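Structural overview
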Amino acid sequence: MTESNQHSLFNSGQHCSLPNCNTLDFLPLLCKACQASFCKDHAPVFAHNCPSADLKTLSSVSQSDQVSFESIDDLISSHRPTPAASATTAQLERNARAKEVLDKHFPKTAKTTPLKPTISAAKKPLSPAIQLMLLKKRATCGDPKKKEGDVPPHERWYGTVNVMIKDINSNEVTLKEACDNEAEAGKPLWFPKKTITGKVFDLITDLLQSRLNSLNHTQLQLRVFRKDTIEPVILTEKCSTAWGDLVKDGEEVWVTRKQ
């Protein structure tokens, strides 16, 4: 393209008359109101705030450039809140209709059956296996010289130890009944099963010394109450026997006064 052709091409367009735009447009549009040339974005009378536009001119503007004042009014009206009085009236009417439906299907004279109080099922006692599992979590070693990692769990005896040293008349009440009614909660302990019973007896009396009323070993003994035996099993009669051979896991051992 020659220099003369380039000069002719640039002179063929017109700049947009909007001062803020001034875009060179090769296909300028003429405003029918003010007769000024604008680019396609500012050609509508509303885009350049045409000072010469009037109602007659607006009616001749193309359909795409027109704004329907009627549509704007309708749009504004549709977004206006409903008067409070009208809203209240409509709400009251809906409430009245709802009440009619409720009264029809649920008359006030209808007798209602009172609900029966629910009786909760009796709490089932825990199984021996679960009781033993909980006991193992709470038990501490009864031998202060033993550490937690010294004895594997399967070589330990787990149970509770309690004290009952009150003098009783065996003709009126059994020792087991006295223990159940007056003793404190047993202390959860564990001992190595291979420990001889005599040593366990010494360890237990040392641990529970504050509850023994200054009684010495010669005045005390260890007992176990079992369902399959009438008389309690006196453990201290076999002090040289391994503790695990005399007592079962989960059993409660009692420190009592010798009878």
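Residues numbered from 1 in each chain as written. Predicted model: local features only at pLDDT ≥ 70, side-chain atom pairs only at ≥ 80, totals over all residues. Heavy atoms only, no water.

Under an unreviewed UniProt entry, the name given to the protein chain is AN1-type domain-containing protein, and the source organism is Melampsora larici-populina.

**Things to note about the UniProt feature "domain: AN1-type" (unreviewed entry) in the protein chain**
With numbering matched to this structure, UniProt assigns "domain: AN1-type" (unreviewed entry) to residues 16-53. Counted over residues 16-53, helix gives 0% and strand 16%. Its end C-alpha atoms are 18 Å apart. (UniProt positions renumbered as here; feature names shortened; annotations may be inferred. Helix = DSSP H or I, 4+ residues; strand = E, 2+ residues; numbered from the N terminus.)

**Comments concerning the layout of surface pockets**
Roughly 540 Å³ of internal volume is contained in the largest pocket. If you go around the largest pocket, you meet 18 residues; those closest to its centre are Gln131, Phe225, Gly250, Glu251 and Glu252. In terms of residue count, helix 5 (residues 128-138) provides more of the lining of the largest pocket than any other element does, five residues in total. Partitioning the lining of the largest pocket into residue classes produces eight nonpolar, three polar and seven charged. (1 Å grid on protein atoms, 1.4 Å probe; cavity = no way out; pocket = protein on both sides within 12 Å on 5 of 7 lines; lining within 4 Å. Points joined across faces, edges and corners; volume = space filled by probe spheres on them. Nonpolar A, V, L, I, M, F, W, Y, C, P; charged D, E, K, R; others polar.)

**Some details on the confidence of the model for the protein chain**
Parts of the model with low pLDDT should not have their predicted coordinates read in detail. Per-residue pLDDT for the protein chain has a mean of 76; in total, 69% of the residues score no lower than 70. Overall, residues 62-72 carries pLDDT values under 50, and its contacts beyond four positions in sequence, including any with other chains, amount to seven contacts. (pLDDT = per-residue confidence, 0-100. Contact = heavy atoms within 4.5 Å.)

**Overview of the side chain of Gln221**
Here Gln221 shows up in strand 8 (residues 220-224). Setting aside chain neighbours within four positions, we find Gln221 in contact with Phe201, Ile234, Thr236, Trp254, Val255, Thr256, Arg257, Lys258 and Gln259.

**Describing the nonpolar core**
Of all hydrophobic cores here, the largest spans 22 residues; its most connected members are Phe191, Ile204, Leu222, Leu235, Trp243, Val253 and Val255. Listed by contribution, the elements that provide at least two residues to this core are strand 6 (156-164), strand 7 (187-192), helix 7 (197-207), strand 8, helix 8 (243-246) and strand 10 (252-257). With four residues, the single largest contributor to this core is helix 7. In this view, Leu235 contacts Thr197, Leu222, Val224, Trp243, Leu246, Val247 and Val253; residues no more than four positions away in its chain are not counted. Core analysis: the second largest hydrophobic core is formed by ten residues, Ala36, Cys39, Ala43 and Cys50 among them. (Core = buried A, V, L, I, M, F, W, Y, C linked by side-chain atoms within 4.5 Å. Buried < 20%, exposed > 50% of the residue type's maximum accessible area, 1.4 Å probe, protein only.)

**Details of unusual backbone geometry**
A positive phi angle, close to 55°, is found at Asn22, a residue other than glycine. Residue position: Asn22 is located in the loop between strand 1 (14-15) and strand 2 (24-25). Judged by its relative accessible area of 46%, Asn22 is partly exposed. One non-glycine residue, Asn49, lies in positive phi territory at about 50°. Here Asn49 falls in the exposed class, since its relative accessible area comes to 65%.

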